Protein chains: 2
Amino acid sequence: MANTPATDRRVVIEAVSPKVDCGRFAAKSVVGDPIVVKAKVFADGHDAVVAVLEHRRSGNDTWNETPMDFLGNDSWEATFTADELGTWEYRITGWVDHFVSWAEGLKKKFEAGVVSDVDLAIGAELLAAASDRSKGKPAKTLQGHSKTLSDTSIHEEVRVGLALSEEVTQLMGAHPDRSRATTLENPLPVIVDRQEAVFSSWYELFPRSWSTEPGRHGTFADVEAHLDYVDDLGFDVLYLPPIHPIGEKFRKGPNNTLDAGPKDPGVPWAIGSKDGGHMAIHPELGTAEDFRSLVDAAAEKGISIALDIALQVSPDHPWVDEHPEWFKHRPDGTIQYAENPPKKYQDIYPIDFETSNPEALWKGLKEVFDHWIDQGVKIFRVDNPHTKSFSFWEWLITETRTAHPDVIYLAEAFTRPAVMHRLAKLGFNQSYTYFAWRNSKSELIEYMSDLDEVSDFFRPNFWPNTPDILTEMLQTGTRAAFVSRVVLAATLSASYGIYGPAFELMEHQPLRPGSEEYLNSEKYQIRQWDLRSGRSLAPLITQLNKARRAHPALQRNGNLVFHDTDNEMILAYSKSSGTDTVLVIVTLDPHHTQSAWVDLDLAALRLEPEQQYQLHDLLTDRRYVWTGSHNFVQLDVEGTPAHVFHVRRQTRTEQDFDYYI
Amino acid sequence: MANTPATDRRVVIEAVSPKVDCGRFAAKSVVGDPIVVKAKVFADGHDAVVAVLEHRRSGNDTWNETPMDFLGNDSWEATFTADELGTWEYRITGWVDHFVSWAEGLKKKFEAGVVSDVDLAIGAELLAAASDRSKGKPAKTLQGHSKTLSDTSIHEEVRVGLALSEEVTQLMGAHPDRSRATTLENPLPVIVDRQEAVFSSWYELFPRSWSTEPGRHGTFADVEAHLDYVDDLGFDVLYLPPIHPIGEKFRKGPNNTLDAGPKDPGVPWAIGSKDGGHMAIHPELGTAEDFRSLVDAAAEKGISIALDIALQVSPDHPWVDEHPEWFKHRPDGTIQYAENPPKKYQDIYPIDFETSNPEALWKGLKEVFDHWIDQGVKIFRVDNPHTKSFSFWEWLITETRTAHPDVIYLAEAFTRPAVMHRLAKLGFNQSYTYFAWRNSKSELIEYMSDLDEVSDFFRPNFWPNTPDILTEMLQTGTRAAFVSRVVLAATLSASYGIYGPAFELMEHQPLRPGSEEYLNSEKYQIRQWDLRSGRSLAPLITQLNKARRAHPALQRNGNLVFHDTDNEMILAYSKSSGTDTVLVIVTLDPHHTQSAWVDLDLAALRLEPEQQYQLHDLLTDRRYVWTGSHNFVQLDVEGTPAHVFHVRRQTRTEQDFDYYI
């Protein structure tokens, strides 16, 4: 429906949300989740206004219409739910409703005893006009009621009663005069993802270290043999660093040394050799068939394989010869390697997005993603997307997701906020964050508030460690440090991940003091891990992921409330979804036992003051009964550095032994 | 310049301000005022980015370019000044500058001693390309320097020195490669008004009460004879309620009674009689010539006459016969009078903007404004604009101000925030506010913060009273109440006004308890005022307006800082502009003497800690010497309910007796 001319429009629609950068980008949601639309809708004067929300899958011809609720002060709200993946859009239409205005006035006049025949005749005209706009039975009924209203032989009270009746109100509401309606000029887009885009638990591992025989290069088959380990931990995304052939020129040795020996395996991010490039598999990992087998076996356990795509090449990559124009050439004819002056990274050639034929480059790069999608990969962790063309990402993600709306992109960008936000706006479904470096109570609270402000388009994925990030906190090596950080990651953010087994085995030696690099990092050498170590945090992580799967409160963002504690080293927060509430109390001190009085916001926990409630610790299975807001906790370093409580409210049902739900 | 294709663009421009509703509306500024433009401008990767601000008067072909300053964290800022009234526009262009990136890298490599000939050859290529982009001497110079850089027979240190020299930096900055630049898609508009749109002091009077002979209807000539009174008070806008013929049908009597006698003058807002409508003058006020004479005499004193335009008619208005289609007709053929059910206002017919030919109505209404503009009127106070079509206002204001950019519209809308804001966005240059009902410290502080959020487009005009608003505070009748409210109005907002002489004579009897209507209101009857009353606040108001004229700090908004006091009844705040700072300390208690310790924000006052400074009270001419932030004040009800201090900083100059500037 085209908009009415400006001269006829009386209704204004503004302050619409969700809206990202004036509608230039899409807001993000999940299939089946309620999408709450708010707006200010108002008209000049004092006439009644009616507003409806219209939504559709982009490309559909027809809109689905939902009446909006008036919240007061010109604010309106309505909700829609998308039942399919892809891009949806919504808009709002509002109009002045003369029947509603008239009925409200009539009611007041009737109460004041000043109704006149003219007043009722006006109503009769409104009903007759509505009759003209409708068909069949409603048209006939409205015509009849219109005649009744204007029939002065009928008692005024009867006519007023009819005018204000439920029947007439409903009939008039169903056939409004929208000839002067205002419709939001440009529909606003919402990208609807599958749930894994917001709720996912990631486990990163280097396949080459998973051989069961010391000294043998690990393979996809080894990883497949360990799927139960990952599954038992409760992770649903198994994420592999680049699996492509590794370059030989300027290959790095252990601990990032420049003099690699002939047996050193090299860095997986130095992609490409005589064995192929981004669409090939490093021969020592196995074949394309082995990879498919891993993908399929994982899928059977409900685990998705995520690939790390790093759009850069080693000097040995086939593209260097096949597409020299994709790289920057120096005046001496050589290709420009990566630099961070005065540092040189001669093992890496960046791709030159300022190439003379960007369309060909873009298509070539898209082939990489298409290839792995064809191999069953639906999740890509993109390496340093902020050092590649923004326009390319927007195009790539839009194109691949138009064909495969279930594909998920995670942006591995640790850079300035505006850049990280831009990547999310361009289409990345999830994003790495600054979580690893937010340690103190105030830092964590402030950061969660920052994330809340961009929650329409930016979905965090919290990582306590990565192969590049062994934080100062984890370098303390205490169990409390690891427990605290993984509990924070898994409960503050609906998506989180760990780089294992370094994490669960509490690997904590840095390359050198002050460095965040791991000593003997898997990035440069093959490691072996004692998965059965008694010190492993695997049992705790298993409980944590069970809690995440059981509790909807932990499966979305935007539902976080912090609770006061009188100790800077103890953080308390809750998340709620429907009747499900989880309360987390966690130490921030890796070294000492800490205690605190916690002052709970009972309303946020949906508890009555003085109501007794049970806290069921999902990590230890212990139960506590608390009352009121003020309660004491003590968190020790080795035993219980964190509580993840299911808040169980007491019920009056006597049929159950357990009185808490 | 058209934008480069998306495949080539690397720079992103976002978070641009000032911007109102995504650029749908213009931000507002004043001729000669700096317009500060901010944005986030960034690119992928680590290359250097350069940004420029471009501005022009709308309709001009060429842009004026200003380099933007980098503020860190992707933020950039630049300022432009508009030297003409009308609509201006600005946009931003940013690009990746490979020379700057290269020069930064070269410097680091040189410091690390790892410069190679290839590095310098890259620079030589960049200089040669810049030479190709330029002409004449710069082209030749760049070409020569390019050759030097690539000449391996010249010592590396000499070539590096040349590459990083001021000369090469400037030449390269003047001839950048903008072939891949990003330009903001849609220029953003800024309306540039004359200073009176933001800084103005209004005095409202009913001419019919200004006769010097008791019993005679006041005239324009009487007002002209009193111009010195208004001028001495220091006001620069003299604003008259509607001056048109007053209707006779359903004319209201004194105190809004329904049974007007034959001599009752009626309500100026019931516009139109056999003597004419909105373009006519009420005969008892004088002739068109008398009105022109008043306008001209006022102009000689620097006073603008503002007219109140109320787009509604009495049943006697000529339009009722000439343009019956401009009004809503009821089924019985009568015209619909104004209603607020169950109340009827039979003396007023609203205009029906849902008329079948709105273009004709709009043109007819515009003739009214054009007529008074032709009579020398440049300021319109529009009565209840929120009950007329928003689209009409946008069209009217745009049209009239395109021809007459010095015309100013004040919106008299006391309604919901979204509606008041919308009117300002549509073009109203000033707006009435909720100031009259903001009395407590927290109310005032919160309201000023609300106004600050909309300051890009909404310019407040603060009124302690109007003919419709005798506030509860003023009904106390104490001098402190009146002084407090006028000082707050005149110093919190750059524009303010009073309805006089009711204000300066401290008229404070309401029509009845609980009502905000004046008893014996001039709206319904002719009054006489004793301007020479000893109780008149005229001397204080004169000082207040002198202070406003002398102090730039009081002539703009957006420069307000509140200071802490330990008494809820004492409010302290300052405004600064350049080196000018005014500090106001005012009681909010109309009844009792109040004292407080004031804790001044010395940085906001541009004072050093422990620095001695002089406070010169602009109302009383008294001087106080204070030191540091913590100081005591006492404000009494009759003597000094408010201080308006010029903050004078001590200087070290011994040539002057007075050590404070």
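For the structure itself, consult the block above.
Below: a short report on this structure. Keep in mind it's a predicted model, so treat the numbers as computed, not measured.

Points about the overall build of chain A
Phase 1 of the analysis: In terms of helices and strands, chain A carries 16 helices and 30 strands.
Phase 2 of the analysis: For chain A, the C-alpha atoms occupy an extent of roughly 105 × 65 × 45 Å along the three principal directions.
Phase 3 of the analysis: Each of the 661 residues in chain A was classed as buried or not, and the buried ones make up 58%.
Phase 4 of the analysis: For chain A, the proportion of contacts with a sequence separation of at least 24, taken over those separated by at least 6, is 74%.

Considering the interface of chain B and chain A
Phase 1 of the analysis: Between chain B and chain A, the residue contacts involve 54 residues of the former and 55 residues of the latter.
Phase 2 of the analysis: Each partner contributes to the roughly 4600 Å² buried at the junction of chain B and chain A, and carbon and sulfur atoms together form 57% of this total.
Phase 3 of the analysis: By the criterion of area lost to chain A, the three top residues of chain B are Thr7, Pro331 and Glu354 of chain B, representing 14% of everything that side buries.
Phase 4 of the analysis: At the boundary of chain B with chain A, the tally comes to twelve salt bridges.
Phase 5 of the analysis: The partner of Lys109 of chain B in a salt bridge is Glu339 of chain A, and the shortest N-O contact between them spans 2.6 Å.
Phase 6 of the analysis: Along the contact surface separating chain B from chain A lie 18 residue pairs in polar contact (both at pLDDT 80 or more).

Some details on the side chain of Asp193 of chain B
Residues and elements named next belong to chain B.
Phase 1 of the analysis: Mapped onto the elements of the fold, Asp193 is located in strand E10 (residues 188–193).
Phase 2 of the analysis: Taking the relative accessible area as the measure of exposure, Asp193 reaches 0% and is therefore buried.
Phase 3 of the analysis: Of the polar contacts made by the side chain of Asp193, one reaches the side chain of Arg459; its length is 2.7 Å.
Phase 4 of the analysis: Other than its neighbours up to four places away in sequence, Asp193 contacts Lys28, Ser29, Val30, Val31, Leu85, Arg401, Asn429 and Arg459.

Let's talk about the environment of Ile309 of chain A
Residue and element names in this part refer to chain A.
Phase 1 of the analysis: On the secondary structure map, Ile309 appears in strand E13 (residues 304–309).
Phase 2 of the analysis: Spatially, the C-alpha atoms of Ile309 and Ala103 are 63 Å apart, while their sequence positions differ by 206 residues.
Phase 3 of the analysis: Here Ile309 is in contact with His244, Val368, Phe369, Trp372, Phe380, Arg381, Val382 and Asp383, once residues within four sequence places are set aside.

Points about the side chain of Gln312 of chain A
Residues and elements named next belong to chain A.
Phase 1 of the analysis: Checked against the element boundaries, Gln312 lands in strand E14 (residues 312–313).
Phase 2 of the analysis: For Gln312, a relative accessible area of 15% translates into the label buried.
Phase 3 of the analysis: Side-chain polar atoms of Gln312 contact the backbone oxygen of Trp269, separated by 2.9 Å.
Phase 4 of the analysis: Non-local contacts of Gln312, meaning those with residues more than four positions away in its chain, are made with Trp269, Ile271, His278, Ile348, Tyr349 and Ile351.

Cut-offs used in this document
- Residues numbered from 1 in each chain as written.
- Chains lettered and ligands numbered in written order.
- Predicted model: local features only at pLDDT ≥ 70, side-chain atom pairs only at ≥ 80, totals over all residues.
- Heavy atoms only, no water.
- Helix = DSSP H or I, 4+ residues; strand = E, 2+ residues; numbered from the N terminus.
- Buried < 20%, exposed > 50% of the residue type's maximum accessible area, 1.4 Å probe, protein only.
- Contact = heavy atoms within 4.5 Å.
- Buried area = accessible area lost by both parts, 1.4 Å probe.
- Salt bridge = Lys/Arg side-chain N within 4 Å of Asp/Glu carboxyl O.
- Polar contact = N/O pair within 3.5 Å; in protein donor to acceptor, adjacent residues only side chain to side chain.

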